[in-house]
Amino acid sequence: MRGIVDRIENGIAVVETADGMLDIPAVDGLQDGDFVELADGQIISIDRAAAEQRRAKLQARLDRMMKKKK
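Description of the structure in this document. None of these values were measured; they are calculated from a predicted model. (Residues numbered from 1 in each chain as written. Predicted model: local features only at pLDDT ≥ 70, side-chain atom pairs only at ≥ 80, totals over all residues. Heavy atoms only, no water.)

**Brief notes about the overall build of the protein chain**
Helix and strand counts for the protein chain come out as 1 helix and 5 strands. Taking 2.2 N^0.38 as the reference for a compact globule, 70 residues should give roughly 11 Å; the C-alpha atoms of the protein chain span a radius of gyration of 14 Å, well beyond that estimate. Projected onto the principal axes, the alpha-carbon positions of the protein chain cover approximately 50 × 25 × 20 Å. Within the protein chain, the fraction of its 70 residues that count as buried is 24%. When the accessible surface of the protein chain is summed, it comes to about 5,100 Å², and 51% of that surface belongs to carbon and sulfur atoms. Where the 12 positive side-chain charges of the protein chain centre and where its 13 negative ones centre are 16 Å apart. (Helix = DSSP H or I, 4+ residues; strand = E, 2+ residues; numbered from the N terminus. Rg over C-alpha atoms; globule rule 2.2 N^0.38 Å. Buried < 20%, exposed > 50% of the residue type's maximum accessible area, 1.4 Å probe, protein only. Areas by Shrake-Rupley, 256 points an atom, 1.4 Å probe, with all protein chains shown as cover. Lys, Arg positive; Asp, Glu negative; His and termini not counted. Charge placed at Lys NZ, Arg CZ, Asp CG, Glu CD.)

As structure tokens, then:
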């Protein structure tokens, strides 16, 4: 199952999945917005490339919105 880290609180990652929100023990280096692969209630991998693409897309959207405001 795939998910995205919504936030990390006290060593617990709150991960949004297609089935809802899950609380999962955070792994070292995990950041808000990271895409993760889950199995048996554990994070088995982090897809940093997908997270960076999503951040760039959101930043471009914000930049367009700010440009329209001026």
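**Structural notes on the sheet that holds strand β5 (residues 42–47)**
In spatial order, the strands read β3-β2-β1-β4-β5; together these 5 strands make up an open sheet with antiparallel pairing. The two strands at the open ends of the sheet, each matched to only one other strand, are β3 (20–25) and β5. Each strand of the sheet is rotated relative to its neighbour by a mean of 40°, with strand direction disregarded. In terms of strand pairing, strand β1 (residues 2–9) meets strand β4 (residues 35–39) through 3 bridges, oriented antiparallel. Opposite Arg2, over in β4, you have Glu37 as the bridge partner. (Pairing = 2+ DSSP bridges. Axes fitted to C-alpha atoms, helices over the stretch in contact; angles between N-to-C directions.)

**So, the nonpolar core**
Counting 8 residues, the largest nonpolar core consists of Val5, Ala13, Val15, Ile24, Leu30, Val36, Leu38 and Ile43. Mapped onto this core, the elements with two or more residues apiece are β2 (12–17) and β4. (Core = buried A, V, L, I, M, F, W, Y, C linked by side-chain atoms within 4.5 Å.)

**Regarding the pairing of β4**
Bridging between β4 and β5 involves 5 bridges; their strand directions are antiparallel. Across the sheet, Leu38 pairs through a bridge with Ile43, a residue of β5. Between β4 and β5, which pair antiparallel in sequence order, lie 2 residues; one of them, Asp40, sits at a positive phi of approximately 55°.

**Let's talk about a positive patch on the surface**
Together, Lys57, Arg61, Arg64 and Lys68 make up a positively charged patch on the protein surface. Its place among the elements puts Lys57 in helix α1 (residues 48–69). For Lys57, a relative accessible area of 56% corresponds to the exposed category. (Patch = residues over 30% accessible without salt bridge, like charges linked within 9 Å, V, L, I, M, F, W, Y side chains within 5 Å. Salt bridge = Lys/Arg side-chain N within 4 Å of Asp/Glu carboxyl O.)

Honestly, it's all geometry; don't read function into it.
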